[in-house]
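Breakdown of the fold
Each chain, written out:
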Amino acid sequence: MDPLLTRRALNRATLHRQFLLSRTGMPVLDVVEHLAGLQAQTPHTWYTGLWTRVESFKPADAADLLLSRELVRIALQRSTIHLVTARDCLAMRPLLQVVTERGTRGAYGRKLAQVDLDELAAVGRALLEERPMTFAELGRALAGRWPDVDPHALGQGVRWLVPLVQVPPRGLWGRSGPVAHTSAESWLSSSAPPVAPPLTTPPMTAQELVRRYLAAFGPASVMDAQTWSGLTRLGEVVESMDLVRFRDESGRTLYDLPDAPRPAEDVPAPVRFMYDFDNLFLSYDDRSRTITEAGAEVLGSFMGTNVMPRIVLVDGFTGGRWTVSRARGVSRLEVRLWEPAAPVDEVEAEGRRLLEFLAPDDGHDISVLHDPAHP
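Described in the following lines is the structure provided in the data block. (Residues numbered from 1 in each chain as written. Predicted model: local features only at pLDDT ≥ 70, side-chain atom pairs only at ≥ 80, totals over all residues. Heavy atoms only, no water.)

**Examining the overall build of the protein chain**
Scanning the protein chain from N- to C-terminus turns up 16 helices and 12 strands. In terms of C-alpha radius of gyration, the protein chain reaches 21 Å, essentially the compact-globule figure of 21 Å for 375 residues. Principal axes of the C-alpha set define a box for the protein chain whose edges measure 65 × 60 × 40 Å. Looking at the protein chain as a whole, 53% of its 375 residues are labelled buried. Taking the intrachain contacts of the protein chain between residues at least 6 apart in sequence as the baseline, contacts between residues at least 24 apart amount to 67%. (Helix = DSSP H or I, 4+ residues; strand = E, 2+ residues; numbered from the N terminus. Rg over C-alpha atoms; globule rule 2.2 N^0.38 Å. Buried < 20%, exposed > 50% of the residue type's maximum accessible area, 1.4 Å probe, protein only. Contact = heavy atoms within 4.5 Å.)

**Brief notes about the pairing of strand 2 (residues 71–75)**
Summarising burial for strand 2: 5 of the 5 residues are buried, a large majority. Covered by surrounding structure in strand 2 are Leu71, Arg73 and Ala75 together with Val72 and Ile74, the residues of both alternating faces. Of the strand pairs in this sheet, strand 2 and strand 3 (residues 81–85) are connected by 5 bridges, and their pairing is antiparallel. Paired with Leu71 across the strands is Thr85, a residue of strand 3. (Pairing = 2+ DSSP bridges.)

**Looking at unusual backbone geometry**
Pro168 connects to Pro169 through a cis peptide bond whose omega is 15°. The topology assignment puts Pro169 in the loop between strand 4 (164–166) and strand 5 (181–183). Along the chain, Gly218 connects to Pro219 via a cis peptide bond; the corresponding omega equals -5°. You can see Pro219 is positioned in the loop between helix 10 (206–217) and helix 11 (222–229). One non-glycine residue, Ala36, lies in positive phi territory at about 55°. With respect to the helices and strands, the residue Ala36 is situated in the loop between helix 2 (28–34) and strand 1 (38–39).

**Some words on the sheet that holds strand 10 (residues 317–327)**
Read from one edge of the open sheet, 5 strands run 8-9-10-11-12, paired in mixed fashion. Both outer strands of the open sheet, strand 8 (272–273) and strand 12 (363–370), are each paired with one neighbouring strand and no more. As paired elements, strand 8 and strand 9 (residues 310–314) share 2 bridges and run antiparallel to each other. Each bridged residue has a counterpart across the sheet, and for Arg272 the counterpart in strand 9 is Leu313.

**Quick look at the sheet that holds strand 4**
Strand order in this open sheet of 5 strands is 1-3-2-4-5, and the pairing throughout is antiparallel. Two strands lie at the open edges of the sheet, namely strand 1 and strand 5, each paired on one side alone. Of the strands in this sheet, strand 4 and strand 5 touch helix 6 (residues 117–130), which is tilted by about 115° from strand 5. (Axes fitted to C-alpha atoms, helices over the stretch in contact; angles between N-to-C directions.)

**As for the packing of helix 6 against helix 7 (residues 135–142)**
Relative to each other, helix 6 and helix 7 sit at 125°, their axes nearing to 11 Å. By the angle between their directions, the pair helix 6 and helix 7 is classed as oblique. Of the two possible hands of crossing, helix 6 and helix 7 adopt the one that is right-handed. Residues Leu120, Val123, Gly124, Leu127 and Leu128 of helix 6 pack against Leu138, Ala141 and Leu142 of helix 7. Its residues placed into classes, the contact of helix 6 with helix 7 shows 7 nonpolar, 1 polar and no charged. (Parallel < 35°, antiparallel > 145°, perpendicular 65-115°, else oblique. Left-handed = near helix turned anticlockwise from the far one by under 90°. Nonpolar A, V, L, I, M, F, W, Y, C, P; charged D, E, K, R; others polar.)

**Some words on the environment of Ser288**
As for its position among the elements, Ser288 is in the loop between helix 13 (279–282) and helix 14 (293–300). The class of Ser288 is partly exposed, set by a relative accessible area of 30%. Sequence separation between Ser288 and Arg8 is 280 residues; the distance between their C-alpha atoms is 10.0 Å. Residues contacting Ser288, with those up to four places away along its chain left out, are Arg7 and Phe317. Within the structure, Ser288 has its side chain in polar contact with the side chain of Asp286 (distance 2.9 Å). (Polar contact = N/O pair within 3.5 Å; in protein donor to acceptor, adjacent residues only side chain to side chain.)

**Things to note about the packing of aromatic side chains**
The tally for this structure, following the rule as stated, stands at 11 aromatic pairs. Plain terms: the ring middles of Trp173 and Phe357 are 5.4 Å apart, the flat faces sit at 45° to each other, and that makes the pair tilted. Of this pair, Trp173 sits in the loop between strand 4 and strand 5 while Phe357 sits in helix 16 (residues 344–358); the two residues are 184 residues apart in sequence, bridging distant segments of the chain. Classification of Phe357 by relative accessible area gives buried; the value is 7%. Look at Tyr213 and Phe217: their rings are 5.2 Å apart centre to centre, the planes differ by 20°, and that puts the pair in the stacked class. With Tyr213 and Phe217 both in helix 10, this residue pair falls 4 residues apart, about one helical turn. For Phe217, a relative accessible area of 1% puts it in the buried group. Above the face of the Trp51 ring, Arg23 is positioned so that its terminal group lies 4.6 Å from the ring centre. (Phe/Tyr/Trp six-rings, centres within 6.5 Å; stacked < 30°, edge-to-face > 60°. Lys NZ or Arg CZ within 6 Å of the ring centre and 35° of its normal.)

Structure below.
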């Protein structure tokens, strides 16, 4: 019988690989690559995801890498925008393109049925490489060639067929800009010097992707890996790899890299403030390794409100939620904890560090409330 991993042991292994047991001193590029990217469809909240993992992290540590094109934001896992290194952008996208294809065909297949997809890709690529465009601008430009087709569907078709990166100033800390795109190949090959010429970066294999996933998120089941990536039929991929096996408390089979760290379940886990779309909560079929019943209720509210809550980890598990508001030069952090035994002093101390990161020039105010009735 496969060895048992308790929920707490699984929790500690995950937190260790996510740099949430202790912050890492690794360079930001190495951290992003180890994590196989950070979900980053919001322009700025993912900066907090790096701050909570990287020692002495400053916004410029990532913003400068976006400007130099060493980091990019592109649709990858689950067809959502991820912050990844230039190398991973070029390596992952061919493997994960099928995920975007599946979603696009489901939503726009009928509207694109009479469109020559090779021509759409070529025309769309040429337009976006001439100058970055929003999807609205791209759709209007494509309508000149396909006047009887929904312009939005045309733009989404190009998103499926051509690897597209969002270009700065979108995504730069403290700045804003249109959600403009160009092709990944054009963006990366036109940097000075080129960051990663496309022809030197071979597509990633499914085995390599699973290995990267386990290094950052394991131990995990086949369904967990499929939930994270959006790919299917990974069972046969996993069985072809040299992995060790465990079982969780529900009897599910978990796979892991043989030499991956698996700390003892009694290792202390510090308070951590997580950003709204953190992959820690989105990358598993069974999310109980970090999410309590109260946490599941709160995170599930996204479907009704379209607002993803920001979660506080207490002892490694979802223990509350946090918000920041700003008025008259004062940034106010409000934390609502769900358990009366939560370490309030530790929450306040980490919260002050968070405000120093988010708003270093503001006055700071922190309120920590016990709110079990309204998680």
